[in-house]
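Residue-level structure breakdown
The primary structure of each chain is shown beneath.
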Amino acid sequence: MTDDERLPQPPTADIDLVTVLHALGDPVRMRLLLSYADGAEHSCGPRDLGLDHLHKSTVSHHMRVLREAGVTTTRVAGRNRFVSLRRTDLDARFPGLLDALLASAPRPAAVAAADA
């Protein structure tokens, strides 16, 4: 995959712990992290992510915050965007961080209740 097929994101060496933790300090973004943790690419549709109660622009904002923090990468395919977790990069920068966050993250039902 070429760089021009990806939206701008920080290089691995520039991913900052404080920025990552700040990005993941929001319940919606933690919900997105749980979705992306399966290692697959995900479309950006709120319904596909279990966030159909949120407006599309709100979900896009949360995705941008995660991408700019270095948590995710976004592949562009025509008019479509596909997001995946930068697991390898994050594990290289902060070993064990994702495992700890995923293990302690509230399950989706608890996150949805917090959003309401």
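In what follows, the structure referred to is the one given above.
Residues numbered from 1 in each chain as written. Predicted model: local features only at pLDDT ≥ 70, side-chain atom pairs only at ≥ 80, totals over all residues. Heavy atoms only, no water.

**Here we look at the pattern of salt bridges**
To keep it simple, the criterion reads: Only one rule defines a salt bridge in this text: a Lys or Arg side-chain nitrogen within 4 Å of an Asp or Glu carboxyl oxygen. Secondary structure elements are defined from DSSP: runs of H or I of at least 4 residues count as helices, runs of E of at least 2 residues count as strands, and each element is numbered from the N terminus. Each residue is placed in one exposure class: buried if its accessible area under a 1.4 Å probe, protein chains only, is under 20% of its type's maximum, exposed if it is over 50%, and partly exposed if it falls in between.
Within this structure, the stated rule accounts for 5 salt bridges. In this structure, Arg-75 and Glu-41 form a salt bridge, with 2.8 Å as the shortest nitrogen-oxygen distance. Note that Arg-75 is positioned in strand 2 (residues 72-77) and Glu-41 in the loop between helix 2 (27-36) and strand 1 (42-43), a separation of 34 residues in sequence. Here Arg-87 makes a salt bridge to Asp-91, at a shortest N to O gap of 3.0 Å. Of this pair, Arg-87 and Asp-91 are both found in helix 4 (residues 87-93), 4 residues apart, which corresponds to roughly one turn of the helix. Taking the relative accessible area as the measure of exposure, Arg-87 reaches 25% and is therefore partly exposed. Relative accessible area serves as the criterion here: at 27%, Asp-91 is assigned to the partly exposed category. Linked through salt bridges whose partners overlap, the residues forming this network are Arg-87, Asp-91 and Asp-99.

**Some thoughts on helix 2**
Heads up, the rule is: Pairing of N or O atoms within 3.5 Å defines a polar contact, subject to two protein rules: one partner must be a possible hydrogen donor and the other a possible acceptor, and residues neighboring in sequence count only if both atoms are side-chain atoms.
The buried fraction of helix 2 is high, at 9 of 10 residues. All buried positions along helix 2 are accounted for by Val-28, Arg-29, Met-30, Arg-31, Leu-32, Leu-33, Leu-34, Ser-35 and Tyr-36. One side-chain oxygen of the residue at the start of helix 2 lies 2.8 Å from the amide nitrogen of Val-28, identifying that residue as Asp-26.

**Digging into the sheet that holds strand 2**
Going by this rule: Should DSSP find at least two bridges between two strands, the strands are regarded as paired. Note on definitions: a residue-residue contact is assigned when non-hydrogen atoms from the two residues lie within 4.5 Å. Angles run from 0 to 180 degrees between N-to-C directions of axes, and those axes are lines fitted to C-alpha atoms, restricted for helices to the stretch in contact.
Read across the sheet, 3 strands follow the order 1-3-2 without closing on themselves; strand pairing throughout is antiparallel. The open sheet has two edge strands, strand 1 and strand 2, and neither has a second partner. Its contacts with the sheet put helix 2 on strand 1, strand 2 and strand 3 (80-85), and the angle it makes with strand 3 is roughly 85°.

**Comments concerning the side chain of Arg-75**
For Arg-75, a relative accessible area of 18% corresponds to the buried category. In this structure the side chain of Arg-75 is engaged in a polar contact, spanning 2.8 Å, whose partner is the side chain of Glu-41.

**Overview of the pairing of strand 2**
Where strand 2 meets strand 3, 6 bridges bridge the pair, whose relative direction is antiparallel. Note on strand 3: the bridge partner recorded for Thr-73 is Ser-84.

**Structural notes on the environment of Ala-105**
As for its placement among the helices and strands, Ala-105 is situated in the loop between helix 5 (97-104) and helix 6 (108-115). Taking relative accessible area as the criterion, Ala-105 reaches 7% and is therefore assigned buried. On a C-alpha basis, the gap between Ala-105 and Leu-34 in space is 7.9 Å, while along the polypeptide they are 71 residues apart. Each residue touching Ala-105, except ones within four places of it in the same chain, is listed here: Met-30 and Leu-34.

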